[in-house]
Each structure stands twice: as structure tokens, then as C-alpha cells.
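Structure assessment
In case you want the letters, here they are:
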Amino acid sequence: MSSVSGQGEQGFRVVRESAPFRGKQGHIYRPAVSAEAVGSKGLHMQLLEIPPGERAHAHKHESHETAIYVLSGVSGCFWGERLEHHAIAGAGEFVYIAADVPHLPYNRSQTEPVTAVIARTDPNEQESVVLLPHLEAGVDWSKAEG
């Protein structure tokens, strides 16, 4: 999966690019720092790519906070108990998502991918993801226009 150097040195790792996978919420990830990759106990960090025009499935991260730094592209995100709120974040901006907050991110562009760095307080790559498909029918996609 990932190329790790310094493996034998307790408490220190250098992690190189790893093979991408599509997470259960629909995004393409390249894991880097996680329980699976380096034995992390309380932190997860990875690269995210949202291809042009794609969106995730509505989900939340049970009991874990998420911080995101957008490297390139422009992402929109519906969030809230009924996905009633909407926000936009572009390159150079940070996003914070509190634990247990439902959200549905998507790529606003039909031609350019969104690339971001994600850090989460869950050291496991997918364990805290809870899919919320019942929320998707109520999304007001007119908020995404413009």
C-alpha cells in the first residue's frame, strides 16, 4: 500500500505515495498516516481527490473531527442534520467538520479535480464513516448553482 521508510525506528516514519482507493463515502483517497499505514493511535491524514462533477454519499464521521486543506479546485459541501446548510471552499482554504456532523461534499467543476489534505482524529482509514443515504433525497441542489 504505502512506501514507508524508517519502519524500524520507533515513533518515526516517512510515508511516500500510496495506492489510491475509493472510500465507502465515494471519494478517492491516498492514505498516508493511519493505524493501517504507520500504526497511528489517534491521527489519520491522507490525500483526497474528487474527480470533476463527482459527489460523495451523505455521511458523518462518528465521534471524530475532520480538518481539510484544499490544495486545488473548488468543492461545495452540504452539511447539517438534514444537509440544509451549504458552503464552498477553494484552494488555500481550510475546512473544519465537527464530530457526528452529516455532510455531502462534491466537486463544483465539470473539468477540474479537487485535491485536498484531510486530517481526522480517527486513526483508521474508514471505521468511523457512517453512511446516511436517507438524507440525500432532501438535498436542495439549487444551492450548488452559481
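Residues numbered from 1 in each chain as written. Predicted model: local features only at pLDDT ≥ 70, side-chain atom pairs only at ≥ 80, totals over all residues. Heavy atoms only, no water.

Scanning the entire structure with this criterion turns up five aromatic pairs. Ring centres 5.7 Å apart and planes at 35° place the aromatic pair Phe-21 and Tyr-29 in the tilted group. Residue class for Tyr-29 comes out buried when judged on its relative accessible area of 1%. Here Phe-78 and Trp-141 contribute two aromatic rings whose centre-to-centre distance is 5.0 Å and whose plane-to-plane angle is 70°, an arrangement assigned as edge-to-face. Of this pair, Phe-78 sits in strand S8 (residues 74-79) while Trp-141 sits in the segment after strand S13 (129-131), and the two are 63 residues apart along the sequence. Residue classification places Phe-78 among the buried positions, given a relative accessible area of 0%. Judged by its relative accessible area of 32%, Trp-141 is partly exposed. Ring-pair connections join several aromatic residues into one group, and the members of that group are Phe-78, Tyr-106 and Trp-141. (Phe/Tyr/Trp six-rings, centres within 6.5 Å; stacked < 30°, edge-to-face > 60°. Buried < 20%, exposed > 50% of the residue type's maximum accessible area, 1.4 Å probe, protein only. Helix = DSSP H or I, 4+ residues; strand = E, 2+ residues; numbered from the N terminus.)

The next point concerns the environment of Leu-47. You can see Leu-47 is positioned in strand S5 (residues 44-50). As a C-alpha pair, Leu-47 and Ala-19 span 28 residues in sequence and 11 Å in three-dimensional space. Every residue in contact with Leu-47, bar those within four places of it in the chain, is listed here: Ile-28, Tyr-29, Arg-30, Leu-71, Ala-116 and Val-117. (Contact = heavy atoms within 4.5 Å.)

Formed by Tyr-29, Leu-48, Ile-50, Ile-68, Val-70, Ala-89, Ile-97, Val-114, Ala-116 and Ile-118, the largest nonpolar core amounts to ten residues. Those elements that place two or more of their residues in this core are S5, strand S7 (66-72) and strand S12 (114-120). Residue contributions to this core peak at three residues, all from S12. Non-local contacts of Ile-68, meaning those with residues more than four positions away in its chain, are made with Glu-93, Phe-94, Val-95, Ile-97, Ala-116, Val-117 and Ile-118. The next biggest cluster of nonpolar side chains, apart from the first, holds nine residues, and it includes Ala-58, Leu-104, Leu-132 and Leu-135. (Core = buried A, V, L, I, M, F, W, Y, C linked by side-chain atoms within 4.5 Å.)

Another aspect to go through is the sheet that holds S7. Spatially, the six strands line up as an open sheet ordered S3-S4-S5-S12-S7-S10, and their pairing is antiparallel. Every other strand in the sheet has two partners, leaving strand S3 (21-22) and strand S10 (94-97) as the edge strands with one partner each. With two bridges joining them, S3 and strand S4 (residues 28-33) adopt antiparallel strand pairing. Following the sheet pairing, Phe-21 is matched in S4 by Tyr-29. (Pairing = 2+ DSSP bridges.)

Attention now moves to the pattern of salt bridges. In this structure the tally under the stated criterion is two salt bridges. A salt bridge links Glu-54 to Arg-22; its shortest N-O distance comes to 3.0 Å. Taken as a pair, Glu-54 in the loop between S5 and strand S6 (59-61) and Arg-22 in strand S3 lie far apart in primary sequence, 32 residues in all. For Arg-22, a relative accessible area of 48% puts it in the partly exposed group. Across the pair Glu-136 and Arg-55 runs a salt bridge, and its minimum N-O distance is 3.3 Å. Of this pair, Glu-136 sits in the segment after S13 while Arg-55 sits in the loop between S5 and S6; the two residues are 81 residues apart in sequence, bridging distant segments of the chain. Note on Glu-136: relative accessible area 19%, which makes it buried. (Salt bridge = Lys/Arg side-chain N within 4 Å of Asp/Glu carboxyl O.)

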